[in-house]
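# Structure assessment
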2 protein chains.
Amino acid sequence: MVNIAILGHGVVGSGVAEVLQNNCKGIAAKAGDSIVVRRILDLRAFPDLPYADLFTTDFQDILQDEEIRIVVETMGGLHPAYDFVKACLLAGKSVVTSNKELVAAKGDELLTIARERNLNFLFEASVGGGIPILRPLDQCLAANEVFEVAGILNGTTNFMLTKMIREKMSFDGALALAQKLGYAERNPAADVEGMDACRKTCILASLAFGKHVYPEEVYTEGITAITEADVQYAAACGGVIKLLGRAIRTEDGHVFCMVAPMILPSDNLLAGVDDVFNGIMVRGDSVGDVVFVGRGAGKLPTASAVVADVIDEVKHLNARKYLYWGPNEPGHVRDHRLAPVSMLMRFSCEEDAGALVQIGRTFGDVRMISIPDAPANEVAFITPCMPEYLLMDKIGGFSGMTLTRAIRMYAVR
Amino acid sequence: MVNIAILGHGVVGSGVAEVLQNNCKGIAAKAGDSIVVRRILDLRAFPDLPYADLFTTDFQDILQDEEIRIVVETMGGLHPAYDFVKACLLAGKSVVTSNKELVAAKGDELLTIARERNLNFLFEASVGGGIPILRPLDQCLAANEVFEVAGILNGTTNFMLTKMIREKMSFDGALALAQKLGYAERNPAADVEGMDACRKTCILASLAFGKHVYPEEVYTEGITAITEADVQYAAACGGVIKLLGRAIRTEDGHVFCMVAPMILPSDNLLAGVDDVFNGIMVRGDSVGDVVFVGRGAGKLPTASAVVADVIDEVKHLNARKYLYWGPNEPGHVRDHRLAPVSMLMRFSCEEDAGALVQIGRTFGDVRMISIPDAPANEVAFITPCMPEYLLMDKIGGFSGMTLTRAIRMYAVR
């Protein structure tokens, strides 16, 4: 029998308790031992639950209980989650967390503490919800040089973009629907401004390329500026707009890392990942492209990933598991403006002919894109591929034309 | 340093040697030890290779070499691969194989021998080539009751169907192209008749549901009878034809298992898995649907999965890993005709009106399907969902109508 504790009885934490109970027989068989929830930390009381007596409001009840070998952290947020998790590891307890904010900000420190004490710190649920991605990525990494990890990492914004694409909804309409269905929070900033995707991108980039990447190092652009016209332009380009998190290794061993709406060609495997689904692509030298798709959030999908980690830790109570990355290294993440990119650019211009002459003179032949409902005096085209700062430099010389929108085209590098 | 041997220096075996060499530094870091190929068994000599001196034609050179701790079997076929693998396990060596025929026929026996001797027998590459699927499935299984595993498991036939769908090629034209490109062998029977997909379905079903499923127990239908008209009918139904391997758990704990061309709705995640790609869907009670996509064959993708297994075995030289299933149990796989199914049925009939009356009388309202190029005197419709034997019973009563084709509709159960 292995005793565990759960910190935070919210959506995910209560789901963990539920999955452990519903599938207890199968889980015990898998883990080789029964798993018993001994304590649950929450400031609220849940008197009507059958396990109401497990609740405590005092973290010390868990920290000082030597019978508790594994602690599940599902509180979310940086504090006090960080302080509690660190204290648990220092006290010799292995930890499982679903908290992407914590892992993105403190992963290297917590992994190092776990490693030094021969404990496990696992966080499969922090990226892609229930989709097994960190272990498969680790497996891909085992026999491959990984060049790129890219993914649709936020279900809320993917749901909204799907509605904007398929049902021609406006951003505001799609957001209101997402909120009504419970996919978006009342304050949707973390989703629509890309912060949630940014944290997950950091975790993927850190694991894929071995050095901790902090959220502050990742250029992050959300979907708040995306309009119906952008969606139409994307279709005219033969693609769809998706909010992508992307980390690419450069030839000299650095990393380009970014979260932004990008136009994916329709035949890209991620282009068909719609609604609240997440999809993550790993590109390796031997395996080529591998894609993982599933529900990236939700109570039970996320809980099932947490429970899989718990089972893994029960099986490895006295042995370390694999996931690990090294400390952050300044300069490891390169300025995204150095990355070569092709963009769909829209300009509002005083007169079309002059604009076309300037575009041709600057870029040579480019692919012009038009849509039926284009605003008056708008020209749009797909730029050649070059470092982003160079692209911006070149259009800086345009006169009588104002850049109204630039969306990156996703392309294999 | 861990010494390994490779049995069979064909496409996959030479790929394993290549991946181990190309990524040796990263692999040693991952495995925590360097991995050295000490012997390669092949009847042919490869005098021009830098590692020509490693070759032997005598299996005893490997079996009796106590320095060799791990043996990679990439010969394919049942004999002598089975005899060699069994001898290696009995001699205390862990084994990695990419041989689906071997695992589908002898998995339970070899897993049992490995378990009794505290050795590992891993075979990630036997399903889905380079796609990590068996470990993620194991992870899904850890915290989920899995209801279904379904997949596009054969890249050759998926390539052919893609050509038939997108470019309106005939079966023969698509096969000739696949052979020209090296995707299909000169004798394409194992691919086009579904045997390859059947073996992989057995491995997935055995792992997902815990009891060995033999190929003989799985109803298997290839794509040799699929015509351009079938492809058009599928489109008219709002879907695409894919060769699917499918294993479903019944409520009473049995399994329905089948390989057959099925019409997948276009919005199904597997419907977009085209060309030589494989895609596998796992459906669990907590996680919902999770899909894994990538190249299901090819030298380096498959080799990278083999090498990942080797690394795992190096890390667990003295500890067993997880993959396991129990022995076959007669009656565990139920007769596929008992499974509820809806079918697209095409009939050649003496006169249309009479046919429609009989169809209406038998099934009530059904969805009639027509295509522009339908043969004369043909009616086609989608049947209601009911056990297949019942469906066949009912149409057995039709008169003046001959069933020319029945294709199963894929539907979530």
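Only a predicted model underlies this, so the values are computations on that prediction, with no experimental measurement involved. (Residues numbered from 1 in each chain as written. Chains lettered and ligands numbered in written order. Predicted model: local features only at pLDDT ≥ 70, side-chain atom pairs only at ≥ 80, totals over all residues. Heavy atoms only, no water.)

On to the pairing of strand S2 (residues 35-41) of chain B, then. Residues and elements named next belong to chain B. The pairing of strand S1 (residues 2-7) with S2 spans six bridges and is classified as parallel. When the bridges of S2 are listed, Ile 4 appears paired with Val 37. Note that S2 and strand S3 (residues 55-56) share two bridges and pair parallel. Pairing of Leu 41 across the sheet is with Thr 56, part of S3. (Pairing = 2+ DSSP bridges. Helix = DSSP H or I, 4+ residues; strand = E, 2+ residues; numbered from the N terminus.)

Each pair of packed helices can be described by the angle between their axes along with the distance between the axes. Residues and elements named next belong to chain B. Interaxial distance between helix H7 (residues 155-166) and helix H8 (residues 171-180) falls to 9 Å at its minimum, and their mutual angle equals 130 degrees. In this view, H7 runs oblique relative to H8, as classed from their interaxial angle. As H7 runs across H8, the sense of the crossing is right-handed. Contacts from Thr 156, Phe 159, Met 160, Lys 163 and Met 164 in H7 reach Phe 171, Ala 174, Leu 175, Leu 177 and Ala 178 in H8. Partitioning the contact of H7 with H8 into residue classes produces eight nonpolar, one polar and one charged. (Axes fitted to C-alpha atoms, helices over the stretch in contact; angles between N-to-C directions. Parallel < 35°, antiparallel > 145°, perpendicular 65-115°, else oblique. Left-handed = near helix turned anticlockwise from the far one by under 90°. Contact = heavy atoms within 4.5 Å. Nonpolar A, V, L, I, M, F, W, Y, C, P; charged D, E, K, R; others polar.)

Taken as a whole, this structure holds 21 aromatic pairs over all chains when the rule is applied. Taking the centre distance of 5.4 Å and the plane angle of 55 degrees together, the rings of Phe 121 of chain A and Phe 123 of chain A count as tilted. Take Phe 121 of chain A and Phe 123 of chain A: they sit in the same class, and that class is buried. Ring plane angle 90 degrees and centroid distance 5.8 Å describe the contact between Phe 292 of chain A and Phe 292 of chain B, whose orientation is recorded as edge-to-face. Separated into two different chains, Phe 292 of chain A in strand S12 (residues 288-295) and Phe 292 of chain B in strand S12 (residues 288-295) make up a pair that spans both. This pair shows no difference in class: Phe 292 of chain A is buried, exactly as Phe 292 of chain B is. An aromatic cluster of at least three residues, connected via ring pairs, comprises Phe 347, Phe 363, Phe 381 and Phe 398 of chain A. The aromatic ring of Tyr 82 of chain A is capped on one face by Lys 106 of chain A, whose charged end is 4.7 Å from the ring centroid. (Phe/Tyr/Trp six-rings, centres within 6.5 Å; stacked < 30°, edge-to-face > 60°. Buried < 20%, exposed > 50% of the residue type's maximum accessible area, 1.4 Å probe, protein only. Lys NZ or Arg CZ within 6 Å of the ring centre and 35° of its normal.)

Attention now moves to the interface of chain A and chain B. At the junction of the two partners, chain A supplies 40 residues and chain B supplies 40 residues. Summed over both partners, the interface of chain A with chain B comes to about 3,200 Å²; 58% of that surface belongs to carbon and sulfur atoms. Linking chain A with chain B are two salt bridges. Between Lys 30 of chain A and Asp 138 of chain B there is a salt bridge, with the nearest N and O atoms lying 2.9 Å from each other. Linking chain A to chain B there are ten residue pairs in polar contact (both at pLDDT 80 or more). Breaking the side of chain A that touches chain B down by element, the ones donating at least two residues are helix H2 (24-31), helix H6 (134-143), S12 and helix H12 (299-315) of chain A. The element contributing the most residues to the side of chain A that touches chain B is H6 of chain A, with eight residues. (Buried area = accessible area lost by both parts, 1.4 Å probe. Salt bridge = Lys/Arg side-chain N within 4 Å of Asp/Glu carboxyl O. Polar contact = N/O pair within 3.5 Å; in protein donor to acceptor, adjacent residues only side chain to side chain.)

Of the two same-sequence chains, chain A is brought onto chain B (RMSD 0.0 Å, axial shift 0.0 Å) by a rotation of 180 degrees. Seen this way, the second copy is the image of the first under a two-fold rotation axis. The position closest to the rotation axis in chain A is occupied by the C-alpha of Phe 292 of chain A, lying 2.3 Å away. Mapped onto chain B, 100% of the interface residues of chain A again fall at the interface, so both copies present the same surface. (Least-squares fit on C-alpha atoms with pLDDT ≥ 70 in both.)

Of note, Thr 302 of chain A is situated in helix H12. Contact partners of Thr 302 of chain A, with chain neighbours within four places excluded, come to Val 12, Ser 98, Ala 125, Gly 129, Gly 130 and Ala 297 of chain A.

With that settled, consider the domain arrangement of chain A. All names here are of chain A. Taken domain by domain, chain A consists of domain 1 (2-130 + 299-315), domain 2 (140-293) and domain 3 (336-409). Relative placement of domain 1 and domain 2: their C-alpha centres are 28 Å apart. Counting residues at the interface gives twelve residues for domain 1 and 13 residues for domain 2. Contact between domain 1 and domain 2 buries roughly 950 Å² in total, counting both sides, with carbon and sulfur atoms accounting for 72%. By the criterion of area lost to domain 2, the three top residues of domain 1 are Lys 100, Ala 104 and Val 127, representing 54% of everything that side buries. (Domains from an automatic or database assignment.)

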